[in-house]
Amino acid sequence: MLYKSRERGNFILLSICIKLWYYYRNYKVNNFIGDKMTKRRQINLVIFFIGIFILMASGYNSFLKPLDNTIIHFIQGLENPILTNIFLNVTNIADTKQSAVITAMIVIILFARKFKREALFLTLTMGTCGIVMAFIKTIFNRPRPNIHRLVELNSLSFPSGHSTSATILYLSLALISVKLMKKNTYTPILVAIVGILFIVSSRIYLGVHYPTDTIAGVSLGSAIVLIYNLIYYSST
């Protein structure tokens, strides 16, 4: 039974990876960030990420447990003093207070540079993050993992607030950067993805989140950014 559950969890992870690769191959980055991407494609992506969130929410206490354990054991198996110090500093960047300060500073700069639409876009996406995270964790009421914690926290676990906040902030900034540069480029999106992966890995490494928490957080954050991108920048 345990073997079958593990196989099912691995199959789901593989399915997610294949689906992400499909979107990468069919909806190039220049279509995602530009006005050429149709409303239908954006809506499909929103549905996809919401579907991943629902999958994580419905399976973290059952068929996704083996997947959680496998990823936790792999990432925490990399533990060493240097990596611990790096992840302790990296994870603090996505903390609520730091994210709020960073967001406020960037919004002020955008307004000062007359990029009011982009400033409002960032304000709305990050504001939505704050509102959603204020109540969504109490709905699921999932306690934090009890496996080799390097940081002690008493708050709830699902979804990961750091992963959600980092995804929304970094993707929003990437979209804004590309739009202001007025050219198609992969760089801002790639930088955002690397930043998100660092935050996600740090939460698992430090023992304060299950992988399903972070996947749900990234999915939720991506859906929020895409919804606002759909409202703001879609042309058809």
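As the structure is a computational prediction, the values presented were derived from the model and not from experiment.

Novice: Would you mind showing me how to read the packing of aromatic side chains here?
Specialist: Each aromatic ring pair is characterised by the separation of its centres together with the angle its planes make. Across all of its chains, the model carries six aromatic pairs by this definition. Measuring from centroid to centroid gives 5.9 Å for F53 and F140, while their planes differ by 70°, and the two rings are edge-to-face. Placement of F53 in helix 3 (residues 39-59) and of F140 in helix 7 (residues 116-140) is noted, with a sequence separation of 87 residues between them. Take F53: its relative accessible area is 12%, and that puts it in the buried class.

Novice: I'm lost on the side chain of T164 in this one. Help?
Specialist: Position of T164 relative to the elements: it lies in helix 8 (residues 161-181). Residue contacts for T164: discarding those within four places in its chain leaves C129, M133, G217, L220 and G221.

Novice: Where do I start with the nonpolar core in this structure?
Specialist: The tendency in soluble globular proteins is for nonpolar side chains to be buried side by side. Formed by 55 residues in total, the largest nonpolar core has its most connected members in F121, F158, Y170 and L220. Elements with a minimum of two residues in this core: helix 3, helix 4 (65-76), helix 5 (81-93), helix 6 (96-112), helix 7, helix 8, helix 9 (187-205) and helix 10 (211-233).

Novice: Which parts of the structure should I look at to understand the pattern of salt bridges?
Specialist: Any two side chains of opposite charge can pair, given that their charged atoms come close. On inspection of all chains with the given rule, the structure shows two salt bridges. When the shortest N-O distance is used, the salt bridge between R142 and D68 registers 3.2 Å. Here the residue R142 occupies a position in the loop between helix 7 and helix 8, and D68 occupies one in helix 4, the gap between them amounting to 74 residues. Using a relative accessible area of 5% as the deciding quantity, one classes R142 as buried. Two residues, D213 and R142, come together in a salt bridge whose shortest N-O distance is 2.7 Å. Note that D213 is positioned in helix 10 and R142 in the loop between helix 7 and helix 8, a separation of 71 residues in sequence. With a relative accessible area of 0%, D213 lands in the buried category. Linked through salt bridges whose partners overlap, the residues forming this network are D68, R142 and D213.

Calculation notes
Residues numbered from 1 in each chain as written. Predicted model: local features only at pLDDT ≥ 70, side-chain atom pairs only at ≥ 80, totals over all residues. Heavy atoms only, no water. Phe/Tyr/Trp six-rings, centres within 6.5 Å; stacked < 30°, edge-to-face > 60°. Helix = DSSP H or I, 4+ residues; strand = E, 2+ residues; numbered from the N terminus. Buried < 20%, exposed > 50% of the residue type's maximum accessible area, 1.4 Å probe, protein only. Contact = heavy atoms within 4.5 Å. Core = buried A, V, L, I, M, F, W, Y, C linked by side-chain atoms within 4.5 Å. Salt bridge = Lys/Arg side-chain N within 4 Å of Asp/Glu carboxyl O.

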